Amino acid sequence: MTKLAAGQKAPDFKLTGTDLQPIHLTDFKGKNLILHFFPLAFTSVCTEQLCTANGPENDYASLNAAVVGVSVDSPFVLDKFAKENGLNFPLGSDFNRTVSADYGVLFDGDFAGMTGFSMRSAFVIDGEGIVRYAETTDGKTLPSFEKIQNTLKAI
């Protein structure tokens, strides 16, 4: 499994949204996209990551950008998580773990006896489907929202 890097073509994906409708990369053609992979809904750092992405200091609309949060949680769990945290962007379920694997962020190690979840990561994909920024953290650290903003401003 090789993690995607800046300059590479982003693989198309199919996630299941909280409304049970598919979410595809091609839905965002012509628009910049930030994919926020997170391990599990309702955990402290994951909540902080998505609430920060949702915050007014990250006005992505002015940068022609959309956000999609991605985890291996079911769409039903993600729906409850989005509603409880007032998230204003879609969350996509990668329940079958294919998108996390395609993006090289599927955790295959052992964390407290658990494996098979998305590593905390952020990707900025431009409107033509090219990865412009890629970051995977140690899991305890948030992705750099400043670097995400700077990347979007440079596109």
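Whatever comes next refers back to the structure up there.
Residues numbered from 1 in each chain as written. Predicted model: local features only at pLDDT ≥ 70, side-chain atom pairs only at ≥ 80, totals over all residues. Heavy atoms only, no water.

**Student:** What exactly am I supposed to notice about the pattern of salt bridges here?
**Tutor:** Any two side chains of opposite charge can pair, so long as their charged atoms come close to each other. Inspection of every chain in the model, using the stated rule, returns 4 salt bridges. Between Glu-128 and Lys-29 there is a salt bridge whose closest N-O contact spans 3.7 Å. Residue Glu-128 is located in the loop between β6 (121-125) and β7 (131-136), and its partner Lys-29 is located in the loop between β2 (22-24) and β3 (32-37); the two are separated by 99 residues in the primary sequence. Judged by relative accessible area, Glu-128 falls into the exposed class, the value being 53%. (Salt bridge = Lys/Arg side-chain N within 4 Å of Asp/Glu carboxyl O. Helix = DSSP H or I, 4+ residues; strand = E, 2+ residues; numbered from the N terminus. Buried < 20%, exposed > 50% of the residue type's maximum accessible area, 1.4 Å probe, protein only.)

**Student:** It is not clear to me how the packing of aromatic side chains should be interpreted in this structure. Could you clarify?
**Tutor:** If you walk through the whole model with that rule in mind, you get 7 aromatic pairs. Where Phe-37 meets Tyr-103, the ring centres are 5.7 Å apart and the plane angle is 45°; that geometry is what we call tilted. Here Tyr-103 lies in the loop between α3 (98-102) and β6 and Phe-37 lies in strand β3, a separation of 66 residues in the sequence. Since its relative accessible area comes to 0%, Phe-37 is described here as buried. Between the aromatic rings of Tyr-103 and Phe-123, the centroid separation amounts to 5.3 Å while the plane-to-plane angle is 75°, which identifies the pairing as edge-to-face. Of this pair, Tyr-103 sits in the loop between α3 and β6 while Phe-123 sits in strand β6, and the two are 20 residues apart along the sequence. Of the two residues examined, Tyr-103 and Phe-123, each falls in the buried class. Taken together, the ring pairs connect Phe-13, Phe-37, Tyr-103 and Phe-123 into an aromatic cluster. (Phe/Tyr/Trp six-rings, centres within 6.5 Å; stacked < 30°, edge-to-face > 60°.)

**Student:** It is not clear to me how helix α4 (residues 145-154) should be interpreted in this structure. Could you clarify?
**Tutor:** Owing to its 3.6 residues per turn, the α-helix brings residues three or four apart onto one side. All of the buried residues in α4 are Phe-145, Ile-148, Gln-149, Thr-151 and Leu-152. The buried residues of α4 all sit within an arc of 160° when viewed along its axis, so they share a single face. Projecting away from the buried face of α4 at angles above 90 degrees are the exposed residues Glu-146, Lys-153 and Ala-154. Close packing links the buried residues of α4 with β3, α1 (44-54), β4 (65-71), β6 and β7. (Arc of directions from axis to C-beta. Contact = heavy atoms within 4.5 Å.)

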